[in-house]
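Close look at the chain arrangement
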Amino acid sequence: MLNHFFKVFLRTTFKNPIYSFINIAGLSVGLACSILILLWIIDEVSFDKFHADKDRIFQIMGNHAFPDGTETLGQTPGPLAEGLAELPEVEESCRLRFGGGRMLFNYGIQSIYEKGVFADISVFSVFTIPLAEGSHANPLPDIHSIAISKKLADKYFKNESALGKVVRLDSRSEAKVTAVFNDLPTNSSLQFDFIVPYAVYSQRDQYNKEWGAWTGGQTFVKLMRGANTEHVNQKINEVLTKPKIWPRWDSNVELFLFSISDLRLHNSFNNGLPDGGRISYVKIFSVVAGFILLIACINFMNLATARSLNRAKEIGIRKVVGAARPSLTKQFIGESILTALVALAFGLFMVELLLPYFNELTDKKLVIDYLNPVTGIIFISMAVLTGLIAGSYPAFFLSSLKAVSVLKGKFSGLTGTGIRKALVVFQFGISIVLIISALAVYHQLDFMKKMSLGFDSENLVYFGATPNLLKHFEEFRQELLQTSPISSVARSDNNPMNNFSGMVLGDNAWPGKTKEDNLIFKTLACDDYFL
């Protein structure tokens, strides 16, 4: 039976090579596009799922109510983590302070900017960060310690052990490598290559012990198993926010737990309420992938029904010799599934060719793990489903042909013209919607690139300055001005195009000011040459 089935499939395929090529090519392109989008979607939804206790890890967020609306911020006071650790529902708490960007990492003759973080030692027990070298019990024994990623260890120390090596940070402090941790996966919202004890940052920040200063960085907690988040939210505000933060800040803030599983896709807030985030893109691209695959399926249907006359006599003869309609239906659906599986092979070949360019476009490192059984199941399921959808109508249509009519040559009304026209209209309708959407996105991006920023951005260069450079800024500035292409040099405490610095002025900021007038004023400290 199967032998006969494959013979019929091969004979039909090679008998009409042009038709077979168009069918397989159409499904291959559709599957390739859908697989690329699927890889992107899988990567997005997998963010932060690698943590062993992901369901118990939360970031502390704050809703700050102002007269012009509520802002949701992730910055917290320095003492908050210690206060949270005293709650019985909290198993661990930790603080992360990224320090405003990269730090100069120096070892020997190598001086390279690397991305690091100031963190409490509990970062290793809150998050899943396996150690490759060092003490699991105490990876950061003192403030002169540093834990680095395996990538940094291989980069700076080659085949040597990194433990015990002394490195210099930002040209102002030295630290001894006491632990090496495995590289964080690319689908982690938190990305860093070395960890410096939080106490180092605490010594630099004069406001770190203040409950009313929001300079402590991000605070995370791991709750006890079975802890109720609503109850913990209420307790945080009753025990910590109201008695400790309100007297030192204002009564306009309320803290709450935000799951790390939502950090990537659901991190957008509007007036203090969740307002989606990247999940919107995931939904949009899911629909786009479905539409692309559907267009390929409709193309297959149209070609199959258009060729119905070519197989009419075959169907008539098979019915005369006893073939029942269900067996013919299975035959045609089986042929469609086999065609889809062949298209899948070509589609995966196209994906492998396009994946490097797709990764560059999306700034990801997507790969297909062919050794993972789940990957094979997903791809084969996609092909089978595509074959079922694409072959369903042709199968039922062709198997419904009457043997007597087709053998007598009466083919009128057997071409399925009405349904094919409807499918073509539907296919072109989807295509037009996708094309218009793509053009709209293109014009919006083009508008963003060309819109006026309020200043002339041509020939402007911005880069971060180290503390050592700032100490000798005037000498540095004069040296640059002696270079003919440079006409002006200025400094500021933030990038004006990405400035999150702000402050709330005190009650005596202007006559008649009340607490209801508390607004966040965006500030930018700069020198005389900035304007």
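Before reading further, recall that the structure is shown in the block above.
Residues numbered from 1 in each chain as written. Predicted model: local features only at pLDDT ≥ 70, side-chain atom pairs only at ≥ 80, totals over all residues. Heavy atoms only, no water.

**Observations regarding a nonpolar patch on the surface**
A grouping of Val441, Leu445, Phe447, Met448, Met451, Leu453, Phe455, Leu460 and Met497 is seen on the molecular surface, where their side chains present a nonpolar patch of about 880 Å² in accessible area. Mapped onto the secondary structure, leucine 460 falls in the loop between α13 (417-450) and α14 (467-471). For leucine 460, a relative accessible area of 55% translates into the label exposed. (Patch = residues over 30% accessible without salt bridge, like charges linked within 9 Å, V, L, I, M, F, W, Y side chains within 5 Å. Areas by Shrake-Rupley, 256 points an atom, 1.4 Å probe, with all protein chains shown as cover. Salt bridge = Lys/Arg side-chain N within 4 Å of Asp/Glu carboxyl O. Helix = DSSP H or I, 4+ residues; strand = E, 2+ residues; numbered from the N terminus. Buried < 20%, exposed > 50% of the residue type's maximum accessible area, 1.4 Å probe, protein only.)

**Some thoughts on the pattern of salt bridges**
According to the stated counting rule, one finds 19 salt bridges in the structure shown. As a salt-bridge pair, arginine 56 and glutamate 91 come within 2.8 Å of each other at their nearest N and O atoms. Of the two residues, arginine 56 sits in the loop between α2 (17-45) and β1 (57-66) while glutamate 91 sits in strand β3 (residues 90-97), which places them 35 residues apart along the sequence. Note that glutamate 474 is salt-bridged to arginine 477, the shortest N-O span being 3.4 Å. Within this pair, glutamate 474 and its partner arginine 477 are both found in helix α15 (residues 473-481), separated by 3 residues, close to a single helical turn. Of the residues examined, arginine 477 reaches a relative accessible area of 7% and is grouped as buried. Taken together, the salt bridges that share partners define one network made up of Asp43, Glu44, Arg264, Arg278 and Lys364.

**What about the side chain of threonine 241?**
Checked against the element boundaries, threonine 241 lands in helix α7 (residues 229-248). The buried category is assigned to threonine 241, whose relative accessible area is 0%. A distance of 2.9 Å separates the side chain of threonine 241 from the side chain of asparagine 237, its partner in a polar contact. Among residues more than four places away in sequence, those in contact with threonine 241 are Ile236, Trp246, Val253, Glu254 and Leu255. (Polar contact = N/O pair within 3.5 Å; in protein donor to acceptor, adjacent residues only side chain to side chain. Contact = heavy atoms within 4.5 Å.)

**Re unusual backbone geometry**
At aspartate 48, a residue that is not glycine, the phi angle is positive and equals roughly 65°. One can find aspartate 48 in the loop between α2 and β1. Phi angles above zero are rare outside glycine, and aspartate 363 is one such case at about 55°. Mapping aspartate 363 onto the fold places it in the loop between α10 (325-362) and α11 (373-399). Aspartate 363 gets classed as exposed once you look at its relative accessible area, which sits at 71%.

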